[in-house]
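# Structure assessment
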Amino acid sequence: MRGLSALALAGALFLTGCADLGYYWQSASGHIGIMRAAKPVPEWLADPATSAPLKAKLELTQRIRRFASAELGLPDNASYKSYADLHRPAAVWNVVAAPPYSLTLKNWCFPVAGCVGYRGYYSEDAAKAEAEAQRALDLEVAVYPVPAYSTLGWMNWAGGDPLLSTFIGYPEGELARLVFHELAHQVLYVPGDTVFNESYATAVERIGGGMWLQREASEAARREYAQFDGQRQEFRALALNTRRALTQVYESPEAKAKDWPAVEAMKKAAMTDFRARYAELKQGWLGPRQNAYDGWVARANNAAFGAQGAYDDLVPAFEALFDREGRDWPRFYTEVRRIAALPTMEERRSALQAATGILQTHSSDNNNGEHGA
């Protein structure tokens, strides 16, 4: 899942002119810093100081980049043709928050991105300070690292979104999926509908990633990715079941009656069951990623589950839509644009369901972005 894999996006936060001045400044200066650090890939390849492993990864990304445009119909522009070494573990850190008895994320509203269920910081310390401010409001909070984000094509005139040291070392299949995901946001973006945007981009990355592995990757790369993705799929299924269990708790008669001690007890039981099931699940995993989700599980709360849902909830519907359109990328994008142009979140969900027969996999929207926070 993109949230757990830290494959989320910051969502053009450098354009947030309505935010307070301090936040605007860190957003603008943080993005400018990334752009200044970027150099065209050919310059890195020609530099004798560039290590052989990095050169191999950069050459791979350019093959992936060409595949994205030639085979998936994704934009052929300046993005992901340069590279920046950030000398830090993440591009940004996102803060998400949710009430004690809800998976609906708090929203922050920006002129370009609309209302989104996260607030991004280029400094981890600043993100942690924001998290403490949200906890003071009696919200559950999660802070997670983001290795890549999309400027939605707005910065292609200035060199586009660069490849980053924060994700260049990913396994081949995951690297391809990340590039496809971020480029998908440049095809279309609906202000204020995080679940629609992220689920659509996640569907593109999954379908496109599968095509890349089948057509372009080595057998070793396919085996490596199969193990990696198999564990992720199993964890995603467990987390989805937990989100459903928590939703039932928060929509229970006890919650409607505001019997909060009873709700708290049911919530605690659901979380205890989640952690016990995870401990059992990972016993069957092999390799260095056996403990990959330990930290997330230990810190899991409503905010973490809510953020995760934004990347998963509508993915089956978008995948079914791709099949319905004959697995033809131009037809798929045309249909997604048609649905995206509908004026309300509810109409977009209804149109997806009518086109595919698939309901949203989670019963409540994690980010009702059109209404703000």
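Only a predicted model underlies this, so the values are computations on that prediction, with no experimental measurement involved. (Residues numbered from 1 in each chain as written. Predicted model: local features only at pLDDT ≥ 70, side-chain atom pairs only at ≥ 80, totals over all residues. Heavy atoms only, no water.)

### With respect to the overall build of the protein
Applicable threshold: Numbering of helices and strands starts at the N terminus; helices are DSSP runs of H or I of at least 4 residues and strands are runs of E of at least 2. Two things to know: the radius of gyration comes from C-alpha atoms, and the globule rule equals 2.2 Å times the number of residues to the power 0.38. Each residue gets one of three labels from its accessible area relative to the maximum for its type: buried under 20%, exposed over 50%, partly exposed in between, using a 1.4 Å probe on protein chains only. Contacts: residue pairs with any heavy atoms within 4.5 Å of one another. Each accessible area is a Shrake-Rupley estimate made with a 1.4 Å probe; only the visible protein chains count as cover when residues are assessed. In this tally, Lys and Arg are treated as positive and Asp and Glu as negative; His is ignored, and so are the chain termini. The atom standing in for a charge is NZ when the residue is Lys, CZ when it is Arg, CG when it is Asp and CD when it is Glu.
When you go through the protein residue by residue, the secondary structure sums to 14 helices and eight strands. Radius of gyration (C-alpha) of the protein: 20 Å, near the 21 Å computed for a compact globule of 373 residues. Each principal axis of the C-alpha atoms in the protein carries an extent, and together these give about 65 × 45 × 45 Å. Here the protein holds 373 residues, and 57% of them are scored as buried. Considering only contacts within the protein whose residues lie at least 6 apart along the sequence, 77% involve residues at least 24 apart. Counting every atom, the protein has about 15300 Å² of accessible surface; 56% of that belongs to carbon and sulfur. On the protein, the mean spot of the 39 positive side-chain charges and the mean spot of the 43 negative ones are 2 Å from each other.

### What about the state of the cysteines?
Keep this limit in mind: When two cysteine sulfur atoms lie within 2.5 Å, the pair is treated as a disulfide.
Using the criterion set out here, one finds one disulfide in the structure. A disulfide bridge connects Cys109 with Cys115, and the sulfur atoms are separated by 1.9 Å. With the S-S bond torsion at 100 degrees, the cross-link from Cys109 to Cys115 turns out right-handed. Using a relative accessible area of 31% as the deciding quantity, one classes Cys109 as partly exposed.

### Details of the nonpolar core
The following threshold applies: Here, the term nonpolar core denotes a set of buried Ala, Val, Leu, Ile, Met, Phe, Trp, Tyr and Cys residues that are joined through side-chain atoms within 4.5 Å.
The biggest cluster of nonpolar side chains holds 110 residues, and the ones touching the most others in it are Leu74, Tyr200 and Phe332. If you tally residues by element for this core, the top one is helix H6 (residues 194-215), at 10 residues. Excluding residues that lie within four positions of it along the chain, Leu74 makes contacts with Ala68, Ser69, Phe180, Leu183, Ala184, Val187, Val204 and Tyr333.

### A closer look at the pattern of salt bridges
Test applied: In the sections that follow, a salt bridge refers to a side-chain nitrogen of Lys or Arg positioned within 4 Å of a carboxyl oxygen of Asp or Glu.
A full pass over the atoms with the stated rule returns 22 salt bridges. One salt bridge connects Lys282 with Asp294, and the closest N-O pair in it is separated by 3.0 Å. In this pair, Lys282 is assigned in helix H9 (residues 260-282) and Asp294 in helix H10 (residues 294-299), connecting sequence segments 12 residues apart. Relative accessible area serves as the criterion here: at 13%, Lys282 is assigned to the buried category. Asp294 sits in the partly exposed class, given a relative accessible area of 27%. The structure contains a network of salt bridges with shared partners spanning Glu174, Arg177, Glu205, Asp229 and Arg232.

### Describing a nonpolar patch on the surface
How we decide: Like charges are joined within 9 Å and nonpolar side chains (Val, Leu, Ile, Met, Phe, Trp, Tyr) within 5 Å, but only among residues with over 30% relative accessible area and no salt bridge; these make up the patches.
There is a patch of nonpolar side chains on the surface, built from Leu21, Tyr24 and Trp25 and spanning about 390 Å² of accessible area. Among the secondary structure elements, Trp25 is positioned in helix H1 (residues 21-37). Residue class for Trp25 comes out exposed when judged on its relative accessible area of 58%.

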